[in-house]
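# Coordinate analysis (summary)
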Amino acid sequence: MEEYDAVIVGGGCAGTSAAFFLKEYRPEMNVLLMDRLDGKNYDLYHRMCGEAVSEAAFRQLRPLRAEHVVHDINYVEEIWPGGVVMGIRHNGYVIDRPKFLRSVQGRYLAKGGIMEKDAVLSVQRENGRYTLSCSSGSKVAAKYLIGADGVNSRVRREVFGTEPPEVIWTEQYIVDKDLPSNKISFIQGPQYNGGYRWEFPAGKHARIGFPRGTDVVKEDIIEKHRRAIPTGGLDRITDGRCLLVGDAAAMPNPLTFGGIRAALVSGRKAAEAVLWDDPGTYERWWRPSLFNHPSFMRAYRQFAELNEEGYKESARMFGRGSLPASFFKAMLIYPKYRGLYMAYVRSAMVGW
Ligand SMILES: Cc1cc2nc3c(=O)[nH]c(=O)nc-3n(C[C@H](O)[C@H](O)[C@H](O)COP(=O)(O)OP(=O)(O)OC[C@H]3O[C@@H](n4cnc5c(N)ncnc54)[C@H](O)[C@@H]3O)c2cc1C
């Protein structure tokens, strides 16, 4: 049985980031990155996303930077019932996520990292180390185990025995539609059950998505995706020397559905905790972090309860004049929506 200093299960944003930072800072470390998919299936899985990441995310990820940028984004638009349209300047990117991930994995491999296609079926902990049984029939042992295996994380189920507090099923379409290449749009309304409809540019096409069954697309459909977004955070994300990152830890933001940044940053933080041989630092980073602020879930639940009138009322002060002035007026006039407004401000900081 092969033995590693660290095994990372799942080579998406969270796992690839963890693998990269482990080898970046300690090249002599013996690290295995494992994913159940490769080739076209891997690309297809990782295309099922809006692929929007903020510029701020990459400031937390240096020396990683935005690569394989398809669109430079500098504007975020919000369309609300009652004809309110809000826009803010916000820099970010729509990236080609499969290419971005392969590029980061290439840097990990160049430092001697090992990558294998296999699926973890079960995890056992004995004498302080983890033994993973895989679908190929092989077994591997690890001192540290990082669970980066997404919404249906096998590592989470086997080691922590928990499930995400909330799972939002979404459908997303790549359609024949020409959108401005510099902006991403969010359409709000009670029909989205607390969520929203997104319209992002995707090369010559557009990505349009919404919570499952809440809307339709009228354009010609090129690809259709269905995927779940786990959210709400977990009570614990470390157990002994096992650390959960990204979707496996239900980290996506329930207001924005953004999860790439939390996945990449948590991968880095988990790697740092492994390098310090102190998994507790990872849990201590996550608990009070803005990514994990309880106002996001409260706001998502409040939106899910709002009817058309409520949406219109909560947005009434916006759309005219400066955004900060509208925000302060709205905070004074509608105290019942203060939690929503504050969650929005925080989501602009960490939501994508
Ligand atoms: C429709 C949709 C649109 C989205 N749009 C955006 C967006 O625009 N911006 C944004 O920030 N976020 C977006 N998100 C959220 C974002 O996609 C996720 O939060 C992010 O991909 C999480 O990365 P991850 O590495 O934690 O998990 P994943 O990307 O799910 O990666 C998990 C990896 O683990 C592998 N794996 C699973 N099980 C096993 C196993 N047993 N053994 C081995 N390998 C395994 C999988 O093959 C996969 O490669 C969107 C999500 C959806 C569903």
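This structure is a prediction, so every number in the text was calculated from the model and none was measured.

### Some details on the packing of aromatic side chains
Inspection of the entire model under this criterion finds 22 aromatic pairs. Between Tyr337 and Tyr341 the ring centres are 6.4 Å apart and the planes differ by 65 degrees, which places this aromatic pair in the edge-to-face class. Here Tyr341 falls in the buried class, since its relative accessible area comes to 7%. One aromatic cluster is present, formed by Phe186, Tyr196, Trp198, Phe200 and Phe257 through successive ring pairs. Note that Arg36 overlies the ring of Tyr45, its terminal NZ or CZ placed 5.3 Å from the centroid. Arg241 extends its terminal NZ or CZ atom over the ring of Tyr144, reaching a point 5.7 Å from the ring centre.

### A closer look at the site of the ligand
Around the ligand, the structure places 38 residues, and the nearest of them are Asp35, Tyr45, Gly50, Arg97 and Asp247. His46 places a side-chain nitrogen or oxygen 2.8 Å from an oxygen atom of the ligand. The separation between an oxygen atom of the ligand and a polar main-chain atom of Glu51 is 3.2 Å. Relative to its free-state accessible area of 1000 Å², the ligand is covered by the protein chains to the extent of 96%. For the shell around the ligand, the secondary structure elements donating two or more residues are helix 1 (13-25), strand 2 (31-35), helix 2 (39-47), strand 10 (166-175), strand 12 (196-202), strand 14 (221-231) and helix 6 (260-275). Here the residues of the shell around the ligand sort into 19 nonpolar, 11 polar and eight charged.

### Re the environment of Tyr196
Considering the arrangement of structural elements, one finds Tyr196 in strand 12. Tyr196 sits in the buried class, given a relative accessible area of 2%. The residues contacting Tyr196, other than those within four sequence positions of it, are Phe186, Ile187, Gln188, Gly209, Phe210, Pro211, Leu255, Thr256 and Phe257. A polar contact of 2.3 Å, which involves the side chain of Tyr196, links it to the backbone oxygen of Thr256.

### Remarks on the packing of helix 2 against helix 4 (residues 97-110)
Where helix 2 meets helix 4, the axes come as close as 8 Å, and the angle between the chain directions of the two elements is 120 degrees. In terms of axis orientation, helix 2 runs oblique to helix 4. Residues Gly39, Tyr42, Asp43, His46 and Arg47 of helix 2 touch helix 4, and the partners they reach there are Arg97, Pro98, Leu101, Arg102 and Gln105. Broken down by class, the residue content of the contact of helix 2 with helix 4 amounts to three nonpolar, three polar and four charged.

### A look at the pairing of strand 12
Among the seven residues of strand 12, seven are classified as buried, and the element is accordingly described as predominantly covered. Burial of the side chains of strand 12 extends over both faces: Tyr196, Trp198, Phe200 and Ala202 are buried on one face and Arg197, Glu199 and Pro201 on the other. For strand 11 (residues 183-188) and strand 12, the ladder comprises four bridges, and the chain directions are antiparallel. Considered in strand 12, the bridge of Phe186 is made with Trp198. Connecting strand 12 to the next strand, strand 13 (residues 205-211), in antiparallel fashion are two residues, including Gly203 with a positive phi near 65 degrees.

### Focus: the side chain of Glu77
When you line up the elements, Glu77 lands in strand 4 (residues 69-80). Under the relative-accessibility criterion, Glu77 is labelled buried at 14%. Within polar-contact distance, the side chain of Glu77 engages the side chain of Ser185 at 2.9 Å. Those residues in contact with Glu77 that sit more than four places away from it in its chain are Val85, Met86, Gly87, Lys183, Ile184, Ser185 and Phe186.

### Re the sheet that holds strand 3 (residues 52-54)
Strand order in this open sheet of eight strands is 3-5-4-11-12-13-10-14, and the pairing throughout is mixed. The open sheet has two free edges, formed respectively by strand 3 and strand 14, since each of these has just one partner strand. Across this sheet, the average inter-strand angle for adjacent strands is 30 degrees, counted without regard to direction. In the sheet, strand 4 pairs with strand 11 via five bridges, with the strands oriented parallel. Along strand 11, the bridge assignment pairs Val76 with Ile184.

### So, unusual backbone geometry
Following Arg62, the chain continues into Pro63 via a peptide bond in cis, with omega recorded as 15 degrees. Within the secondary structure, Pro63 is located in the loop between helix 3 (55-59) and strand 4. Even without glycine at this site, Asp277 takes up a positive phi of about 55 degrees. If you trace the backbone, Asp277 turns up in the loop between helix 6 and helix 7 (280-286).

### Details of the state of the cysteines
Following the criterion strictly, the structure yields zero disulfides and no others. Unpaired in terms of disulfides, Cys13 finds its nearest cysteine sulfur in Cys49, a separation of 6.9 Å. Since its relative accessible area comes to 6%, Cys13 is described here as buried. The structure places no disulfide on Cys134, whose sulfur is separated from the nearest cysteine sulfur, that of Cys242, by 14 Å.

Cut-offs and rules
- Residues numbered from 1 in each chain as written.
- Predicted model: local features only at pLDDT ≥ 70, side-chain atom pairs only at ≥ 80, totals over all residues.
- Heavy atoms only, no water.
- Phe/Tyr/Trp six-rings, centres within 6.5 Å; stacked < 30°, edge-to-face > 60°.
- Buried < 20%, exposed > 50% of the residue type's maximum accessible area, 1.4 Å probe, protein only.
- Lys NZ or Arg CZ within 6 Å of the ring centre and 35° of its normal.
- Near = heavy atom within 4 Å.
- Polar contact = N/O pair within 3.5 Å; in protein donor to acceptor, adjacent residues only side chain to side chain.
- Areas by Shrake-Rupley, 256 points an atom, 1.4 Å probe, with all protein chains shown as cover.
- Helix = DSSP H or I, 4+ residues; strand = E, 2+ residues; numbered from the N terminus.
- Nonpolar A, V, L, I, M, F, W, Y, C, P; charged D, E, K, R; others polar.
- Contact = heavy atoms within 4.5 Å.
- Axes fitted to C-alpha atoms, helices over the stretch in contact; angles between N-to-C directions.
- Parallel < 35°, antiparallel > 145°, perpendicular 65-115°, else oblique.
- Pairing = 2+ DSSP bridges.
- Disulfide = S-S within 2.5 Å.

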